[in-house]
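# Fold and geometry: a report
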Amino acid sequence: MQRQIETRILDARIGTQIPAPTYATSGSAGMDLRACIDEPVILQPGQRSLVKTGLAINMNDPGLVAIVASRSGLSLKHGIRVAQGIGVIDADYHGEIGVILTNDSQTPYTIEPGSRIAQLLFQPVVQIGLKPVDAFTTQTARGDGGFGSTGID
């Protein structure tokens, strides 16, 4: 059985002219978010734009976070991705979900109303307290070796 979260539809077109978020397949980890815009938006090369989705959610659980992630096909075929890598929607945020998209390609890209722009995933959260120490209580073979220190290409 799927877990349920409260969802506010902020634009009457959601569910009629613009499909509500759904999982594309039974094995999908993320549900598609769509552009809830009045007219096409042209994203120029190197440009970023905030694209509204017409939705707000209430996870009602501080043990959950919603993640806004790029759609792989949109990124591969058109160079369009979530600008900051991923978007984080905290459990206590109840405003409209917006997706910051950027165009990494050399050609303009048109975002059409209702087009799939990102995917929404839900993940568990563990909040951690940081404990200052002078040295770690356990050591590893790697230690503080950084980039490339494992010898794996």
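What counts as what
- Throughout, residues of each chain are indexed from 1 in the direction in which the sequence is written.
- Local features in this predicted model are restricted to residues whose pLDDT is 70 or higher, and side-chain atom pairs enter the listing and the counts only when it is 80 or higher, whereas totals over whole chains, interfaces and linings include all residues.
- The basis for every side-chain value is the complete set of heavy atoms in the structure, and neither hydrogens nor water enter the calculation.
- Elements are defined by DSSP. Helices are runs of H or I of four residues or more, strands are runs of E of two residues or more, and each kind is numbered from the N terminus.
- Based on C-alpha atoms, the radius of gyration is set beside the globule rule, defined as 2.2 Å times the residue count to the power 0.38.
- Relative accessibility decides the category of a residue: with a 1.4 Å probe and only protein chains considered, values under 20% of the type maximum give buried, values over 50% give exposed, and everything between is partly exposed.
- The contact criterion used is simple: two residues touch if any of their non-hydrogen atoms lie within 4.5 Å.
- When charges are counted, Lys and Arg contribute as positive and Asp and Glu as negative, whereas His and the chain ends are disregarded.
- By convention, the point assigned to a charge is CZ for Arg, NZ for Lys, CD for Glu and CG for Asp.
- Polar contacts, as used here, are pairs of N or O atoms within 3.5 Å; protein pairs need one atom able to donate a hydrogen and one able to accept it. Residues neighboring in sequence count only if both atoms are side-chain atoms.
- Only strands that DSSP links by at least two bridges are regarded as paired with each other.
- Where helices are involved, their axes are fitted lines through C-alpha atoms of the stretch in contact, as for all axes, and angles between N-to-C directions lie from 0 to 180°.

Attention now goes to the overall build of the protein chain. Per the secondary structure count, the protein chain includes 1 helix and 11 strands. Along the protein chain, from the amino end to the carboxyl end, the secondary structure elements read β-β-β-β-β-β-α-β-β-β-β-β. Taken against the 2.2 N^0.38 rule, which gives 15 Å for 153 residues, the C-alpha radius of gyration of the protein chain at 19 Å runs more than 25% over that of a compact globule. For the protein chain, the spread of C-alpha atoms along the principal axes amounts to about 60 × 40 × 30 Å. Put simply, the protein chain has 153 residues, and 33% of those count as buried. Sequence-distant contacts in the protein chain: of pairs separated by 6 or more residues, those separated by 24 or more amount to 71%. Across the protein chain, the centroid of the 12 positively charged side chains sits 4 Å from that of the 14 negatively charged ones.

Turning next to the side chain of Asn58. Position of Asn58 among the secondary structure elements: in strand β5 (residues 55-58). Judged by its relative accessible area of 16%, Asn58 is buried. A polar contact is formed between the side chain of Asn58 and the side chain of Glu6, at a distance of 2.7 Å. At a separation of 3.1 Å, a polar atom in the side chain of Asn58 contacts the main-chain amide nitrogen of Asn60. Ignoring sequence-local partners within four residues, the contact set of Asn58 consists of Ile5, Glu6 and His94.

For the rest of this paragraph, the subject is the sheet that holds strand β9 (residues 98-103). Taken together, 3 strands build an open sheet; the order of strands is β4-β9-β7 and the sheet is antiparallel. Only two strands of the sheet have a single partner each, and these edge strands are β4 (48-52) and β7 (80-82). Within this sheet the neighbouring strands show an average axis-to-axis angle of 35°, counted without direction.

It is worth spelling out the environment of Ala135 at this point. Position of Ala135 relative to the elements: it lies in the segment after β11 (116-124). Residues Ala135 and Val125 lie 10 residues apart in sequence; the distance between their C-alpha atoms is 27 Å.

Taken in spatial order, the 4 strands of this open sheet run β2-β11-β6-β8, and their pairing is antiparallel. In this open sheet, the two edge strands, each paired with only one partner strand, are β2 (31-34) and β8 (86-89). Each adjacent strand pair in this sheet contributes to an overall mean axis angle of 35°, direction not counted. Across 4 bridges, the pairing between strand β6 (residues 64-69) and β8 is antiparallel.

Phi at Asn60 takes a positive value of approximately 55°, unusual for a residue other than glycine. Looking at where Asn60 falls in the secondary structure, it is placed in the loop between β5 and β6. Note on Asn60: relative accessible area 65%, which makes it exposed.

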